Amino acid sequence: MSAVTSERHGPVAVLRMNNPPVNGLGAPLRSGLADAIAGLDPAVEAIVLIGEGRMYSAGADIREFNSTPPPGTPDLNQVIAALEGSERPVVSAIHGVAAGGGLELALGTHYRVAAPGSRVGLPEVTLGIVPGAGGTQRLPRLIGTEAALELIVSGRLIGADQARELGIIDEVADGDLLEASVAAARRLAADGTVRRVRDCDDALAAARATPELFETFRAGMARSARGRNAPYACVDCVEAAVNRPFDEGLRFERETFVSLVAAPESRSLRHAFFAERECGRIPDLPRETRGRTIGTAAVVGCGTMGGGIAMNFANAGIPVTVVETERAALDAGLERVRNTYATTVSRGRLAADEMERRMSLITGSTELADVGSADIVIEAVFEEMELKKEVFRALDGVCRSGAILATNTSTLDVDEIAAVTGRPEDVIGTHFFSPANVMRLLENVRGVRSSHETIATVMDMARTIGKVGVLVGVCDGFVGNRMLHQYGREAGFLIEEGALPQQVDRVIYDFGFPMGPFAMGDLAGLDVGWRIRQRKRAERPSNMRYSDVADRICEQGRFGQKTGAGWYRYETGSRVPVPDPDIERLIVAASQQAGIERRDIPDGEILERCMYPLVNEAAKILEEGLAIRPSDIDVIWIHGYGFPRWRGGPMFWADSVGLDRILEAMQRWHREHGEWMRPAPLLERLVREGRGFASLGA
Ligand code: CAA
Ligand code: NAI
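Read on for a plain summary of the structure. Because the structure is predicted, anything quoted here is derived from the model rather than measured.

What counts, and at which threshold
Residues numbered from 1 in each chain as written. Chains lettered and ligands numbered in written order. Predicted model: local features only at pLDDT ≥ 70, side-chain atom pairs only at ≥ 80, totals over all residues. Heavy atoms only, no water. Helix = DSSP H or I, 4+ residues; strand = E, 2+ residues; numbered from the N terminus. Rg over C-alpha atoms; globule rule 2.2 N^0.38 Å. Buried < 20%, exposed > 50% of the residue type's maximum accessible area, 1.4 Å probe, protein only. Contact = heavy atoms within 4.5 Å. Areas by Shrake-Rupley, 256 points an atom, 1.4 Å probe, with all protein chains shown as cover. Lys, Arg positive; Asp, Glu negative; His and termini not counted. Charge placed at Lys NZ, Arg CZ, Asp CG, Glu CD. Pairing = 2+ DSSP bridges. Axes fitted to C-alpha atoms, helices over the stretch in contact; angles between N-to-C directions. Core = buried A, V, L, I, M, F, W, Y, C linked by side-chain atoms within 4.5 Å. Near = heavy atom within 4 Å. Polar contact = N/O pair within 3.5 Å; in protein donor to acceptor, adjacent residues only side chain to side chain. Nonpolar A, V, L, I, M, F, W, Y, C, P; charged D, E, K, R; others polar. Salt bridge = Lys/Arg side-chain N within 4 Å of Asp/Glu carboxyl O. Phe/Tyr/Trp six-rings, centres within 6.5 Å; stacked < 30°, edge-to-face > 60°. Parallel < 35°, antiparallel > 145°, perpendicular 65-115°, else oblique. Left-handed = near helix turned anticlockwise from the far one by under 90°.

Comments concerning the overall build of the protein
Line of reasoning, step 1. Within the protein, the regular secondary structure consists of 29 helices and 17 strands.
Line of reasoning, step 2. A compact globule built from 698 residues would reach a C-alpha radius of gyration of about 26 Å, and the protein, at 28 Å, matches this within 12%.
Line of reasoning, step 3. Counting only C-alpha atoms and orienting by the principal axes, one finds that the protein spans roughly 85 × 60 × 55 Å.
Line of reasoning, step 4. Expressed as a percentage of its 698 residues, the buried residues of the protein come to 53%.
Line of reasoning, step 5. Contacts spanning at least 24 positions in sequence make up 73% of the contacts within the protein whose residues lie at least 6 apart.
Line of reasoning, step 6. If you sum the accessible surface of the protein, you get close to 29,500 Å²; carbon and sulfur atoms cover 51% of it.
Line of reasoning, step 7. Between the mean site of the 79 positive side-chain charges and the mean site of the 95 negative ones, the protein shows a separation of 1 Å.

Next up, the structure:
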C-alpha cells in the first residue's frame, strides 16, 4: 500500500499520510507525497494534507540519518517546494503532533488548521541538528525572529492554542478536523489567493532594524548550550533568514544540517533518544504481559522522598494516600509538599487552582490500614532494614490482594524485604531520585521473585507519572549509585594526591555535568554518606586504600550547603560554592599524614580517573546481568546524575573514547593503585574481540 492515499471531497483532494507509528517522513512517504501531488486530477481545486493514525507527522525518519546508502530522492525540501509552489491552495490538517520536518512540511502549505490538544514545534536541536527543511527560514517569516529563535533553540513543542496566538496555526478546529480543513480549503480556492511563507517578509523587519539581537541571544544561552554546537547553529540559520534571500538561507540551513548530522553531538543525542525508548523493552517479559492498572496509590513515610513521590501521583491525577506514624511528622511532610507547589506557582509555572486540585488528591493519614485499597504502596521510611521489614509485614496484612508493594530503598536488599511478606511476587523496588518530583529517573529494582506483571506495572507507572523507568537488578547501590561510588572515591583520592575540590569540580563541569562531585556532595548533604561509612566501617577492607578527608570535614560539622560549609563555604542564603583555605589546609595535612607527596594533576588525568572506573564498574554490572543493556545505563546516568546528554551517556561515550584506551588506563592504575582499579573481565573481553559496548545489545 502506498504511504499516501488520495480521496476526493468535492473539488478538494485529501491526501492521507500513512507511515506508522509517527508518519516519519522517510523515503516512502516523501515519494508518496511527490507522486500524489504530481498525479492530481486537473479538476482538483484545493488540497488537504492530513496524517493517519496518531499524528500529522513527527518529522524526518531519524533512523535514516547517516544511513548507507543515503536516503533516496525526493528530499523533503523538494516535496515542500512542490506543495508551496502549487497554484492550488494546500491546507494542513494537524492532529497529535507536527514536529520537526512534520511542522516544516506544514509551514510549506498555505494554511494550517489544528485539532485542539495537538502540539507543534521544531525539536531538531534536541537531536543535535538544525531543522533541515526550511524551518529556520520559514518560521521567522511567519512569527517574527525572536519568537522563532526561542522555539527553535529550545526545541520545545507548544500547544495548538499558543501556536494559534503566535501565528503558526491559522485556525484551531472547533469540531471535526477534516471537515474544518476541507472548508478552509474550499474558502481559499474561492478567494483565489495562496499565501506562501517563503514570500512573507514583514515579520523580519524588526530583526533587520536590531541586528544586535543575535549576539544578545547567543550571550544569553552560554549556560544552557554549554559544550554544544547545534543551538548556536540554529541561531546562525535564523540570522541567515534575516540577512539573506530565501533560497540562499535555505542552502545555508541545508549545509549546516548536513555537517551537524554527521558530528558526535548529533550521534550522541540520537543514541539517547532511542535509548530512552529501548529501555522500556524487557526481553524476558512475555509479549502478552500486561501491567495492572494504577488508579490509586499510597506512600508510607512523608519525608524528603515520600512527599516528592506522592506529588508525582497527584501531578498525574492519581489520588494518593500518605502515611506517617505521628500527626506532627505528617503535617510537616504535607506542609513541605504544599510549599514546593507554592514555589512553582510563585514562579508562574503552575496555576494556583491547579495546585489546589493536586493537593486535594493527596490525603494524609496516621493509620497504615488506610493504604489497604491502594493499587500500589511505595514505602519511603528511614533506610533501616528492620524498620522496612516491619512496615512490609504490616503492609502484607492490610493491603488488598493484587496490590503492588514497592520500596524506595536506595541500598537495601529488595529480596530480603520481599521475603517477610507472603507475596514476594508483588514486591519490587522503585528507586526514585531526589528531588523525587523533579528527577526523571526511576530505577525499578526487580527482586528474584518479582512477577512479570509486577515489573510491567512499575514500568508502565513510570511513563504514567512522566518518568523514564529503567529496570535493574538487586545489588549494593543498584546501578546508578554503585557506579557513582567509583567516581566519588577516585575524586577523593585525587584531592589527596594533589588536586583541590575546585579543580576536580571544574573539570567535571567542563565535561558537561551540571556540577562536580564536591559541589554535588555539598548540595545533597555530606552527613548521609558519613553515617553510612560509619555504619559500614567494620566491613571496609583493610588492604584497600581509604581517604578520610570527607570524614574529617563532617567531624567539623560541615555537612554542605545546609550548614553553610562543606567542601566549600557558602555565604548566608547563597548556593554559590566559595573555595575555602581551611579545607585546602585540611587536605594538604591529610596528604602529608597519608605519606602522599602532592603533585600537579593535569585536568585530563582527573577526567579519566573519575570516568574510566565508572565505566569499568558498569562493565561489571552488565556482566552480572544487573542492567539489561549498555544503553539503559546511559539513560540512568543522563536522567539520574546529569551526565551530559550530548555525550550520549557513559557507555556511548566510552565507545567513542575507545575501550582499548580505557582498559590500558585501568590496567596501569590497577598496578599503581591496587584492587579498586581491577579491570572488568567484560572490558577485557570486548577489547580482545575488538568490540564496543554498542555491540552488546540486550
Ligand atoms: N523518526 C523515526 N522514528 C521515530 C520518530 C522519528 N522522527 N519519532 C518517533 N519515532 C519512533 C520511536 O522511536 C518509537 O519507536 P519504537 O516504538 O520502536 O520505540 C515510536 O516512533 C513511537 O514514538 P514515541 O514512543 O516517542 O511516541 P510518543 O507518542 O511518546 O511521542 C513524539 C511522540 C512526541 C512525536 C516523539 O516520538 C518525538 O519526539 N519524536 C521525535 C520528533 C523529532 O525530534 N522530530 C524531528 C526529527 S528530525 C527532522 O525532522 C529533521 C528535518 O528537519 C528534516
Ligand atoms: P526521611 O528521613 O526524610 O523520611 C523518612 C520518613 O519516614 C520520615 O518522615 C519518618 O517520620 C517516616 N517514617 C519512619 N517510620 C515510619 C513508619 N513506620 N511509618 C510511616 N512513616 C515512617 O528519609 P528520605 O530521605 O525521604 O528517605 C526515605 C527512603 O528513600 C530511604 O529508604 C532512603 O534510602 C530512600 N532514598 C532517599 C534518597 C534521598 O536522596 N534522600 C534518594 C533515593 C532513595
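Quick notes on the sheet that holds strand S8 (residues 158-159)
Line of reasoning, step 1. Taken together, 3 strands build an open sheet; the order of strands is S5-S7-S8 and the sheet is mixed. Of all the strands in the sheet, just strand S5 (97-99) and S8 have a single pairing partner and so form its edges.
Line of reasoning, step 2. As paired elements, strand S7 (residues 119-121) and S8 share 2 bridges and run antiparallel to each other. Along S8, the bridge assignment pairs Arg119 with Gly159.
Line of reasoning, step 3. Here helix H3 (residues 101-108) sits on the sheet in contact with S5 and S7, set at roughly 90 degrees to S5.

Some remarks on unusual backbone geometry
Line of reasoning, step 1. The omega torsion across Pro20 and Pro21 is 5 degrees, close enough to zero to call that bond cis.
Line of reasoning, step 2. With respect to the helices, strands and loops of the structure, Pro21 is situated in the loop between strand S2 (12-17) and helix H1 (27-38).
Line of reasoning, step 3. Omega for the peptide link from Ser434 to Pro435 comes to -5 degrees, which places this bond in the cis form.
Line of reasoning, step 4. Note on placement: Pro435 falls in the loop between strand S15 (427-432) and strand S16 (441-446).
Line of reasoning, step 5. Of note, the phi angle at Asn23 is positive, near 50 degrees, even though the residue is not glycine.
Line of reasoning, step 6. The topology assignment puts Asn23 in the loop between S2 and H1.
Line of reasoning, step 7. The phi torsion at Phe478 lies on the positive side, around 50 degrees, for a residue other than glycine.
Line of reasoning, step 8. Turning to its location among the elements, Phe478 is positioned in the loop between strand S17 (468-473) and helix H19 (480-497).

Things to note about the nonpolar core
Line of reasoning, step 1. Within the largest apolar cluster, 74 residues are counted, with the highest numbers of intra-cluster contacts made by Val504, Trp567, Met611, Ile633, Trp637, Leu683 and Phe693.
Line of reasoning, step 2. Ranked by residue count, the leading element in this core is helix H25 (residues 603-623), at 11 residues.
Line of reasoning, step 3. In this structure Trp637 touches Gly480, Met483, Leu484, Tyr487, Phe513, Leu614, Gly642, Phe643 and Pro650, once residues within four positions along its chain are discounted.

As for the site of ligand 1
Line of reasoning, step 1. Close contacts around ligand 1 come from 27 residues, with Arg54, Gly101, Glu104, Gly132 and Arg277 the closest.
Line of reasoning, step 2. The contact in question runs from a nitrogen atom of ligand 1 to an N or O atom on the backbone of Ala58, over 2.8 Å.
Line of reasoning, step 3. At 2.9 Å, a side-chain N or O of Arg281 approaches an oxygen atom of ligand 1.
Line of reasoning, step 4. Calculation on ligand 1 without its partners gives an accessible area of 980 Å², and the protein chains cover 77% of this total.
Line of reasoning, step 5. Elements with a contribution of two residues or more to the shell around ligand 1: H3 and helix H12 (264-278).

As for the site of ligand 2
Line of reasoning, step 1. Near ligand 2 lie 22 residues; those nearest to it are Met305, Glu324, Glu383, Lys388 and Ser410.
Line of reasoning, step 2. At 2.5 Å, a side-chain N or O of Glu383 approaches an oxygen atom of ligand 2.
Line of reasoning, step 3. For ligand 2, an oxygen atom lies 2.9 Å from a polar atom in the side chain of Asn408.
Line of reasoning, step 4. Calculation on ligand 2 without its partners gives an accessible area of 830 Å², and the protein chains cover 77% of this total.
Line of reasoning, step 5. Every element with two or more residues in the shell around ligand 2 is listed here: helix H13 (304-315), helix H16 (385-398) and S15.
Line of reasoning, step 6. If you tally residues by element for the shell around ligand 2, the top one is H16, at 3 residues.
Line of reasoning, step 7. Classifying every residue of the shell around ligand 2 gives 10 nonpolar, 9 polar and 3 charged.

Considering the pattern of salt bridges
In a structure, side chains of opposite charge can pair up when their charged atoms sit close to one another.
Line of reasoning, step 1. Taken as a whole, this structure holds 61 salt bridges when the rule is applied.
Line of reasoning, step 2. For Glu383, the salt bridge goes to Lys388, with nearest N and O atoms at 3.4 Å.
Line of reasoning, step 3. According to the relative accessible area criterion, Lys388 is buried, its value standing at 1%.
Line of reasoning, step 4. The salt bridge partner of Glu571 is Arg569, with a shortest N-O separation of 3.5 Å.
Line of reasoning, step 5. A single salt-bridge network, built from bridges that share partners, covers Arg489, Glu490, Glu496, Glu497, Arg545, Arg599, Glu605 and Arg609.

Quick word on the sheet that holds strand S6 (residues 111-114)
Line of reasoning, step 1. Spatial ordering of the open sheet is given by S1-S2-S3-S4-S6-S9, a layout of 6 strands whose pairing is mixed. Both outer strands of the open sheet, strand S1 (4-9) and strand S9 (171-172), are each paired with one neighbouring strand and no more.
Line of reasoning, step 2. Pairing of S2 with strand S3 (residues 46-51) involves 6 bridges; the strand directions are parallel. Across the sheet, the residue bridging to Ala13 is Ile47, located in S3.

Topic: the pairing of S6
Line of reasoning, step 1. By the alternation rule, side chains of S6 split into Tyr111 and Val113 and Arg112 and Ala114, which are all buried.
Line of reasoning, step 2. Direction of pairing for strand S4 (residues 90-94) relative to S6: parallel, over a ladder of 4 bridges. Considered in S6, the bridge of Ala93 is made with Val113.
Line of reasoning, step 3. Where S6 lies against S9, 2 bridges are found, and the strand directions are parallel. Considered in S9, the bridge of Ala114 is made with Val172.

Considerations on the packing of aromatic side chains
Line of reasoning, step 1. All told, the structure shown has 15 aromatic pairs when counted by the stated rule.
Line of reasoning, step 2. Here Phe65 and Phe257 contribute two aromatic rings whose centre-to-centre distance is 5.7 Å and whose plane-to-plane angle is 85 degrees, an arrangement assigned as edge-to-face. Of the two residues, Phe65 sits in the loop between S3 and helix H2 (76-85) while Phe257 sits in helix H11 (residues 246-261), which places them 192 residues apart along the sequence. Considered together, Phe65 and Phe257 belong to a single accessibility category, that of buried residues.
Line of reasoning, step 3. With centroids separated by 4.5 Å and ring planes inclined at 65 degrees, the aromatic side chains of Phe518 and Trp567 adopt a geometry described as edge-to-face. Of this pair, Phe518 sits in helix H21 (residues 517-524) while Trp567 sits in the loop between helix H23 (549-555) and helix H24 (581-593), and the two are 49 residues apart along the sequence.

Looking at the packing of helix H28 (residues 659-673) against helix H29 (residues 681-688)
Line of reasoning, step 1. Where H28 meets H29, the axes come as close as 9 Å, and the angle between the chain directions of the two elements is 135 degrees. It follows that H28 is oblique to H29 by the angle criterion. With respect to the hand of their crossing, H28 and H29 are arranged in left-handed fashion. Of H29, the residues touching H28 (which contributes Leu659, Asp660, Ile662, Leu663 and Met666) are Leu683, Glu684, Leu686 and Val687.

Quick look at the environment of Asp510
Line of reasoning, step 1. Mapped onto the elements, Asp510 comes out in helix H20 (residues 501-511).
Line of reasoning, step 2. C-alpha separation for the pair Asp510 and Gly291, spaced 219 residues apart in sequence, amounts to 42 Å.
Line of reasoning, step 3. Discounting chain neighbours no more than four positions away, the residues touching Asp510 are Arg226 and Arg647.

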